[in-house]
Amino acid sequence: MKQLLDLAHWPRREHFAFFSTFDEPFFGLTAPVDCTQAYTEARRLGVSFFLYYLYQSLQAAQEVEEFRYRIEGDQVVCYDRVHASATIGRPDHTFGFSFIELHDSLPDFVAAANREVEAVQQSTGLCLSDTTARPDVIHCSAIPWVRFTALSHARSFRHTDSCPKISFGQVYLDGATRLLPVSVHVHHGLADGYHVGQFLEAFQRRLARRG
């Protein structure tokens, strides 16, 4: 479900109007998060580390209202819940888009995600559909081969887009600490660096949980 924002009384109305005129209204930043405990926890549970941190990132996104804002026509709506449209790699080094629904529990999320991952890996092409193109998603991708410090995205400016984009890089060691690079891009009419910081803080908090 979604709620329509009252733009006339929205504190960001001028920010939204200003940045919505830009050819490229997205901005992004990259920061590492400590995934030491999360890596251990995923191994203990016997689940894919990718799906483990994807679940935690989606749960973190729910906590930041601005990550649930979407532009629809000339209006802004806030979704009650957002999911993942994630790129899934195949053995032939192509990828397909997926729709991974957020479930409240990690086991339910992993079970549904594994089914979607298997379906995409057994398919060909991009798997573009109305489902993978839903507006109530975060665009997610993993680049586990690269310890990146910055990242840009291919975008069509003719296509209206307001979904946040989160990319995860190669896990690396800094002493005894495992770090995960995270790149976050958001529509500047909907969110600022403060809100990206809120997301990263919530994500880090979830990755540090034990049990």
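Worth saying up front: this structure is predicted, and the values here are computed from it rather than measured.

A closer look at the packing of aromatic side chains
Tallying each qualifying case throughout the model produces 14 aromatic pairs. Ring centres 5.3 Å apart and planes at 75° place the aromatic pair Tyr39 and Phe49 in the edge-to-face group. Taken together, the residues span a long stretch of sequence, with Tyr39 in helix α2 (residues 36-45) and Phe49 in helix α3 (residues 49-63) at a distance of ten residues. Judged by relative accessible area, which is 24%, Tyr39 ranks as partly exposed.

Description of the UniProt feature "active site" (unreviewed entry) in the protein chain
Here, UniProt's "active site" (unreviewed entry) annotation points to His188. Relative to the assigned elements, His188 resides in the loop between β10 (177-187) and α5 (193-207). Contacts of His188, omitting those with residues within four sequence positions, involve Arg12, Phe19, Pro25, Phe26 and Phe27. A distance of 3.1 Å separates a polar atom in the side chain of His188 from the backbone oxygen of Ala191.

A look at a nonpolar patch on the surface
Taken together, the side chains of Phe95, Leu126 and Leu128 make up a nonpolar region of the molecular surface, amounting to roughly 300 Å² of accessible area. Tracing the backbone shows Leu126 in the loop between α4 (106-121) and β7 (137-142).

Conventions we followed
Residue numbering note: each chain is counted from 1, following its sequence as written. Totals for whole chains, interfaces and linings use all residues, but because this is a predicted model, local features are given only for residues with pLDDT of at least 70 and pairs of side-chain atoms are given and counted only at 80 or more. To obtain the side-chain values, all non-hydrogen atoms of the structure were used and water was disregarded. Note on ring pairs: Phe, Tyr and Trp rings are taken, using the six-membered ring of Trp, and paired if centres are within 6.5 Å. Classes follow the plane angle, with under 30 degrees stacked, over 60 edge-to-face and the rest tilted. Only DSSP runs of H or I with at least four residues qualify as helices, and only runs of E with at least two residues qualify as strands; both kinds are numbered from the N terminus onward. Three labels apply to residues, based on accessible area from a 1.4 Å probe with only protein chains included: buried if under 20% of the type maximum, exposed if over 50%, partly exposed otherwise in between. UniProt positions are given in the numbering used here, feature names are shortened, and annotations may be inferred rather than shown by experiment. A contact between two residues is defined here by any heavy atoms of the two lying within 4.5 Å. N or O atoms closer than or at 3.5 Å make up a polar contact, with two conditions inside protein: a donor-capable atom paired with an acceptor-capable one, and, for residues adjacent in sequence, both atoms drawn from side chains. Nonpolar side chains (Val, Leu, Ile, Met, Phe, Trp, Tyr) are joined into patches within 5 Å and like charges within 9 Å, using only residues with over 30% relative accessible area and no salt bridge. Accessible surface area values rest on a Shrake-Rupley calculation with a 1.4 Å probe, where residue burial reflects the displayed protein chains alone. For this document, the term salt bridge refers to a Lys or Arg side-chain nitrogen within 4 Å of an Asp or Glu carboxyl oxygen.

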